[in-house]
Amino acid sequence: MKKQVLMAVLPLMVWGCGDPTDADNDGVADGIRDPNNVSVVVPSTPKGTVSGQVLSTTLQPIADVTVAMTIGSQPTGKSATTDASGNFVMTDVPAGAQVLLTFSKTGFSTLRATSTVPSAAGTVPINNGNASFGPVTLTQLNSTLTVNVVTPQGRPAVGAKGVLEVDKAGSVILSNYDQAASVVSKVYVEATADSNGVLTFSGVPAGVELARLNGTYNLWIAPMDSNGDGVVDTGGYTKSYSGASIVSTSVTTLAQLAYSKPSNVALTIEGGNVSSLKGTTELDPLRNMVRPGEPIYVYFNQPVQPGSIFVRLTDEYAKESLPVTASVNVGGYSATITPANGIVQEGKEYNIFVRAVSAEGGSNYSRTGFFFGGDQGAPKAITIAELRYQETERPPAVGAFQLNSGETVYVSFSAPIAKQVGQSVQVLLGADIDGVGGTGGNSFGEIGNNSGQGFPLDMAEPTKPIQTRTPAELPVFGIQPSGYSTRYSFIYSGNALVGTDRMRVQVVFSNLAPVLGTNDVYESIWGQPINADLELAGIIQQPPPALP
């Protein structure tokens, strides 16, 4: 019985070891269709087909569309061309392969889509399993989209660079949706705005066609460097428009570029070597010191209009404007203010006024500040530079050329100083103030006084020019007190004196009581304490103001 079974099977095995013909290259021996035959159980190279149809958005066939196939990362060399009905077919495609088809024709959008050739169809396991693409829809590239680009100030943005992306410029319906990996059909067009600020994107689908596919136009406009200085002075722009919205409005859209910084932020000065221009808390003299011959640097928080910068400069008394120039740099973000040669001198105080207008929204900045001439790292000793008294009597009055009781004497130092908390420094005069003969001893306010008591010296920081006429001179602009001054004063209260042009005046710093554990009762702009007595001979008369 066992021998009979063996003989029945053997002829089949011998026949199956032959070399059958597979002329159609489908992995199945020609003429063999019996599923019980061993030769069809394990075909060596199963194959399938890929086919489809290409139409316009109005569902009209598109002939002569090139369909190129890629499998994996390598091109296969397989391609097809659609016929008059828009159909195409490719054979001998490995079963189970994921294929990428690229549909292209001049004047139409390009579309790329993937699908997988079935691994089981027809005979067991495959008989021309088909991956069907269809219908594939392509849009015509026969339209234009124009965009009117304007600057943040509303002027034509000449030279603006734009990119238009048309998303979903084509579509495809796959017969095997669950195996579709992706469908991509996008069109990219670049353009540059003309002299009217108009970007023209040519060779794009019309809004009507894109509306049928529910596609969008995505617009990007790059930030601009309108003045060519290498710094962008406007922000960019991005917006999406549906095909339907373009149809319902117009093909021309408006794109207003944004500011490079938020327009709702007030224009301010963020930095520089004159910190008083930033705010009332930036009054430290070392942060407001400019070396003679050095420019003043100002840095804004946003660009300013180049022609809007306006600067005025005066000395401590603000009587007249000093020559100064200003230039805007780095796309409007900074300004360089240059006093004329020799204007800024060491140990002098200056007032500065700066006005500018933002390039982004037009907000104004206007501020008064101050600075000192000097080098932070090279402090100078303080001396008395001048003594001057304000005459109140007019000729032919007896006291017209004398220092009279009640008149003010001004002591000007070689550099601005500040009084800290504590007692005022005392001033002593080298004269017989009380008229008892001789100086010193117990006489109040005289040099050599035993107690060292004299006239208290207080700050007389100028807020306007010294009055020389009636009406009084006005300052060039309202000046900001710095808390430091070269000018101090005391009120004389002794007998009338003569010979003030030779009178000795002594300012006694040496006997001041320490303040808060330090000796810094008075200090210079360099932060150095003043604790040595200072003296000068000769008081100049400041004539009374001229009558109108």
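A quick note: this is a predicted structure, and the numbers were derived from the prediction, not measured.

Draft legend 1. Empty space enclosed by the protein, seen in detail. The tally for this structure, following the rule as stated, stands at 1 cavity of 30 Å³ or more. In this model, the largest cavity occupies a volume close to 30 Å³. Residue lining of the largest cavity: E316, E349, N351, E461, P462, I479, Q480 and P481, and that is the complete set. A per-class count over the lining of the largest cavity returns 3 nonpolar, 2 polar and 3 charged.

Draft legend 2. Expanded view of the layout of surface pockets. Taken as a whole, the largest pocket encloses approximately 760 Å³ of empty space. Taken together, 31 residues line the largest pocket, and the ones lying closest to its centre are Y317, S412, P462, I466 and R487. Among the secondary structure elements, those contributing two or more residues to the lining of the largest pocket are β23 (349-357), β25 (384-390), β26 (408-419) and β30 (485-491). Looking at the lining of the largest pocket, the element that brings in the most residues is β25, giving 5 residues. Its residues placed into classes, the lining of the largest pocket shows 13 nonpolar, 8 polar and 10 charged.

Draft legend 3. Examining the sheet that holds β23 more closely. The sheet built from 4 strands is open, its strands ordered β18-β24-β23-β20 with mixed pairing. Across the chains shown, the open sheet's two edge strands, defined by having one partner strand only, are β18 (289-290) and β20 (310-315). As paired elements, β20 and β23 share 6 bridges and run antiparallel to each other. Residue pairing in the sheet places L313 in a bridge with I352 of β23.

Draft legend 4. Spatial organisation of the environment of G243. Tracing the chain through its elements places G243 in helix α3 (residues 243-248). Through-space distance from the C-alpha of G243 to that of G207 is 4.6 Å; in sequence the pair is 36 residues apart. Ignoring sequence-local partners within four residues, the contact set of G243 consists of G207, L210, A211, G215, T216 and Y217.

Draft legend 5. Structural context of the pairing of strand β24 (residues 364-373). In terms of burial, β24 is a largely internal element, 7 of the 10 residues being buried. Examined bridge by bridge, β18 and β24 share 2 bridges and lie parallel to one another. Paired with V290 across the two strands is G373, which belongs to β24. Bridge count between β23 and β24: 9 bridges; the pairing is antiparallel. Residue pairing across strands places E349 opposite F372, the latter belonging to β24.

Draft legend 6. Examining the nonpolar core more closely. Ranked by internal contacts, the top residues of the largest apolar core, which has 38 residues, are F413, L429, L457, F490, F509 and Y522. Elements that contribute at least two residues to this core include exactly β24, β25, β26, β27 (426-429), β30 and β31 (504-508). Of all the elements, β26 adds the most residues to this core, at 6 residues. With residues near it in sequence (within four places) discarded, F490 still touches E407, T408, V409, V411, V427, L429, F455, P456 and L457. In this structure, V149, L164, V187 and L219 belong to the second largest nonpolar core, which totals 25 residues.

Draft legend 7. Here's a closer look at the pairing of strand β8 (residues 143-150). When you tally the buried positions in β8, you get 6 out of 8 residues, the bulk of the element. Here β8 runs beside strand β16 (residues 252-256); their pairing, made up of 5 bridges, is parallel. For N148, the partnering residue across the bridge sits in β16 and is L254.

Draft legend 8. Up close: the packing of aromatic side chains. If you walk through the whole model with that rule in mind, you get 14 aromatic pairs. Judged by centre distance (6.3 Å) and plane angle (70°), the rings of F310 and F353 are edge-to-face. Here F310, found in strand β20, pairs with F353, found in strand β23; they are 43 residues apart in sequence, far enough to count as distant. For F310, a relative accessible area of 32% translates into the label partly exposed. Residue classification places F353 among the buried residues on the basis of a relative accessible area of 16%. Taking the centre distance of 5.4 Å and the plane angle of 15° together, the rings of F455 and F490 count as stacked. With a gap of 35 residues between them, F455 in strand β28 (residues 455-456) and F490 in strand β30 connect regions that are remote in the sequence. Grouping residues by exposure puts F455 and F490 together as buried.

Draft legend 9. Spotlight on the environment of V184. Mapped onto the elements of the fold, V184 is located in strand β11 (residues 183-184). With residues near it in sequence (within four places) discarded, V184 still touches T110, L111 and R112.

Draft legend 10. Structural context of the environment of R355. For R355, the location among the structural elements is in strand β23. Assessed through its relative accessible area of 40%, R355 is described here as partly exposed. Put simply, R355 and F310 are 45 residues apart on the chain and 5.1 Å apart in space, counted from C-alpha to C-alpha. Not counting the four nearest positions on each side in its chain, R355 is found in contact with S308, I309, F310, Y365 and S366.

Thresholds, definitions, all that
Residues numbered from 1 in each chain as written. Predicted model: local features only at pLDDT ≥ 70, side-chain atom pairs only at ≥ 80, totals over all residues. Heavy atoms only, no water. 1 Å grid on protein atoms, 1.4 Å probe; cavity = no way out; pocket = protein on both sides within 12 Å on 5 of 7 lines; lining within 4 Å. Points joined across faces, edges and corners; volume = space filled by probe spheres on them. Nonpolar A, V, L, I, M, F, W, Y, C, P; charged D, E, K, R; others polar. Helix = DSSP H or I, 4+ residues; strand = E, 2+ residues; numbered from the N terminus. Pairing = 2+ DSSP bridges. Contact = heavy atoms within 4.5 Å. Buried < 20%, exposed > 50% of the residue type's maximum accessible area, 1.4 Å probe, protein only. Core = buried A, V, L, I, M, F, W, Y, C linked by side-chain atoms within 4.5 Å. Phe/Tyr/Trp six-rings, centres within 6.5 Å; stacked < 30°, edge-to-face > 60°.

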